[in-house]
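Residues per chain are reported as follows:
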Amino acid sequence: MSPLRKLIIVGGGGHGRVVLDAARLAGWQVAGFIDRDRTAGSEVNRCAVLGDDALLEARHGFPEFQFIVAIGDQRRRRALGDRIRTTGGALATVVHPAAILSESASIGPGTVVLALAAINANARIGAHCIVNTGAIVEHDCDLADGVQIGPGATLAAGVIVEADGFVGAGAVVIPGVRLGAGSVLGAGAVAIADLEAGAVAVGVPARIVRRV
Ligand SMILES: CC(C)(COP(=O)(O)OP(=O)(O)OC[C@H]1O[C@@H](n2cnc3c(N)ncnc32)[C@H](O)[C@@H]1OP(=O)(O)O)[C@@H](O)C(=O)NCCC(=O)NCCS
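> Tell me what's going on with the domain arrangement of the protein chain, and back it up with residues and numbers.
Under the domain assignment used here, the protein chain contains domain 1 (6-92) and domain 2 (95-200). Each of domain 1 and domain 2 has a C-alpha centre, and the two are 23 Å apart. Contacts between the two partners involve 17 residues from domain 1 and, on the opposite side, 20 residues from domain 2. Summed over both sides, the interface of domain 1 with domain 2 buries roughly 1,500 Å², with 57% coming from carbon and sulfur. The largest contributions to the domain 1 side of the interface with domain 2 come from Gln74, Arg77 and Arg78, which together make up 39% of the buried area. Here domain 1 and domain 2 share 1 salt bridge between them. Two residues, Arg78 and Asp164, come together in a salt bridge whose shortest N-O distance is 3.2 Å. Where domain 1 packs against domain 2, one counts 10 residue pairs in polar contact (both at pLDDT 80 or more). Elements that contribute at least two residues to the side of domain 1 that touches domain 2 include exactly helix 1 (14-25) and helix 2 (74-86).

> Quick rundown of the pairing of strand 25 (residues 207-211)? Include the residues and the values.
Within strand 25, only 0 of the 5 residues are buried, which leaves the element largely exposed. For strand 24 (residues 199-202) and strand 25, the ladder comprises 4 bridges, and the chain directions are antiparallel. In the sheet register, Ala201 faces strand 25, and the bridge partner there is Ile208.

> Describe the site of the ligand, listing the residues and the values that go with them.
The ligand sits among Pro151, Phe166, Gly168, Ala169, Val184, Gly186, Ala187, Val202 and Arg210. Here a nitrogen atom of the ligand and a backbone polar atom of Ala187 are 2.9 Å apart. Burial of the ligand by the protein chains amounts to 40% of its free accessible area of 910 Å².

> I'd love a proper account of the layout of surface pockets, names of residues and values included.
Looking at the second largest pocket, its volume works out to about 180 Å³. For the lining of the second largest pocket, the per-class residue count stands at 3 nonpolar, 2 polar and 3 charged.

> Which residues make up the state of the cysteines, and what values go with them?
Applying the stated rule across the entire model yields 0 disulfides. The thiol of Cys129 is unpaired, and the distance to the nearest cysteine sulfur, on Cys141, comes to 12 Å. Cys129 sits in the buried class, given a relative accessible area of 1%.

> Mind laying out helix 1, listing which residues take part and the relevant values?
With 12 residues, helix 1 extends 17 Å between its outermost C-alpha atoms, agreeing within 8% with the 16 Å of an ideal straight helix rising 1.5 Å per residue. Residues of helix 1 that are buried: His15, Gly16, Val19, Leu20, Ala22 and Ala23. Gly27 sits one or two residues past helix 1 and shows a positive phi near 95 degrees.

> Account for the sheet that holds strand 15 (residues 142-143), with residues named and values stated.
The parallel open sheet is built from 5 strands, whose spatial order is 9-12-15-18-21. Both edges of this open sheet fall to strand 9 (106-107) and strand 21 (178-179), since each of them pairs with a single strand only.

> Summarise the side chain of Gln74; cite the residues concerned and give the values.
Mapped onto the secondary structure, Gln74 falls in helix 2. A residue is classified by how much of its surface remains accessible, and Gln74, at 11% relative accessible area, is buried. Only 2.8 Å separates the side chain of Gln74 from the side chain of Gln148, close enough to count as a polar contact. At a separation of 3.1 Å, a polar atom in the side chain of Gln74 contacts the main-chain carbonyl oxygen of Asp164. Not counting the four nearest positions on each side in its chain, Gln74 is found in contact with Gly146, Val147, Gln148, Asp164, Gly165 and Phe166.

> Please set out the sheet that holds strand 5 (residues 66-69) residue by residue, giving values where relevant.
One open sheet accounts for 6 strands, arranged 3-4-2-1-5-6; its pairing is mixed. In this open sheet, the two strands that pair with only one neighbour each are strand 3 (43-44) and strand 6 (90-91). For strand 1 (residues 6-10) and strand 2 (residues 29-34), the ladder comprises 5 bridges, and the chain directions are parallel. The residue bridging Ile9 from the neighbouring strand is Phe33, located in strand 2. Helix 2 rests against strand 1, strand 5 and strand 6 of the sheet, and its axis sits at about 165 degrees to strand 5.

Cut-offs applied
- The residue numbers shown here count from 1 along each chain, following its written sequence.
- The model is predicted, so local features are restricted to residues of pLDDT at least 70 and side-chain atom pairs to those at 80 or more, both for listing and for counting; the totals for chains, interfaces and linings are taken over all residues.
- The side-chain figures draw on all heavy atoms in the structure; neither hydrogens nor water molecules are used.
- Where a domain begins and ends is set by an automatic assignment or by a domain database.
- Contacts were defined at the residue level, with two residues in contact if any of their heavy atoms lie within 4.5 Å.
- Buried area counts how much accessible surface, traced with a 1.4 Å probe, disappears from two parts once they are put together, with both parts' losses summed.
- The rule for a salt bridge is simple: a side-chain nitrogen of Lys or Arg has to be within 4 Å of a carboxyl oxygen of Asp or Glu.
- Two N or O atoms form a polar contact when they lie within 3.5 Å of each other; inside protein one atom must be a possible hydrogen donor and the other a possible acceptor, and for residues adjacent in sequence the pair counts only when both atoms belong to side chains.
- Helix and strand definitions here come from DSSP, where helices need a minimum of 4 consecutive H or I residues and strands a minimum of 2 consecutive E residues; each element is numbered from the N-terminal end.
- For every residue, the accessible area (1.4 Å probe, protein chains only) is compared with the maximum for its type, and the residue is labelled buried under 20%, exposed over 50%, or partly exposed between those bounds.
- Strand pairing is defined by DSSP finding a minimum of two bridges between the two strands.
- Throughout this document, a residue counts as near a molecule or strand when at least one of its heavy atoms sits within 4 Å of that molecule or strand.
- Where accessible areas are quoted, they stem from the Shrake-Rupley method and a 1.4 Å probe; at the residue level, only the protein chains shown are allowed to cover.
- Grid points spaced at 1 Å and placed over the protein atoms alone form the basis of the search, with a cavity being a set where a 1.4 Å probe fits but cannot get out and a pocket an open set showing protein on both sides within 12 Å along at least five of seven lines. Lining residues have an atom within 4 Å of a point.
- Grid points are joined across faces, edges and corners, and a volume is the space filled by probe spheres set on the points.
- Under the convention adopted here, Pro, Cys and the residues Ala, Val, Leu, Ile, Met, Phe, Trp and Tyr are nonpolar, Asp, Glu, Lys and Arg are charged, and Gly plus all remaining residues are polar.
- Disulfides are defined as cysteine sulfur pairs within 2.5 Å.
- To estimate how far a helix should reach, multiply one less than its number of residues by 1.5 Å.
- All axes are obtained by fitting lines to C-alpha atoms, using only the stretch in contact for helices, and the reported angles, taken between N-to-C directions, cover 0 to 180 degrees.

Put into structure tokens, the structure is as follows:
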């Protein structure tokens, strides 16, 4: 657990509101949102909108705060997270108190783990990831930076998801399968074989329908 418990959330959309709930329940003091599409001084779920992306750099006045980028889009989330880090800001790791985490699992900065998610022994989750509500990440899974696991998805033991991979809601990946960088597994799909980088696959068993 970080010694700093003050948080700014980047992105006040749907995912941002879910992260706000998780952060408050986890004991963070949330100062507000940074959001380029909302007016400074307005509120999102009783939490102030502080301003737009110009506030991202820690040197602009929030040195004691950590940031979490709560944006679903993979590339934008990672880009904003990298911008915060390279300008000296600290990225938080936000874990809902109702998530279950093995003590041997590791979770990178800028990653959120939401309610009822379970992350089992020796799983490794990179930076800028989302493990969404009710997702299961079984033992020895390895998730690179920028990965998103949708609500209720199940990654069986030893699954590898390369950078910016996306697993849709309720999808299942059988043990040991590797999902390539930037690949997308559709909601409800079952991946029984490796998926190449940039492939979009749907169905049971998952078949590639296009490439990103
Ligand atoms: C896989 C996905 C990304 C594809 O989106 P897309 O590229 O816009 O694809 P389209 O909607 O054009 O669909 C392409 C084809 O795949 C089919 N398809 C799309 N998603 C599918 C799914 N999850 N399962 C089965 N078939 C699916 C479509 O019916 C379509 O078939 P057709 O060509 O025969 O008409 C999207 O449908 C999806 O499942 N996203 C998951 C979202 C999610 O779980 N988010 C969780 C965050 S809260």
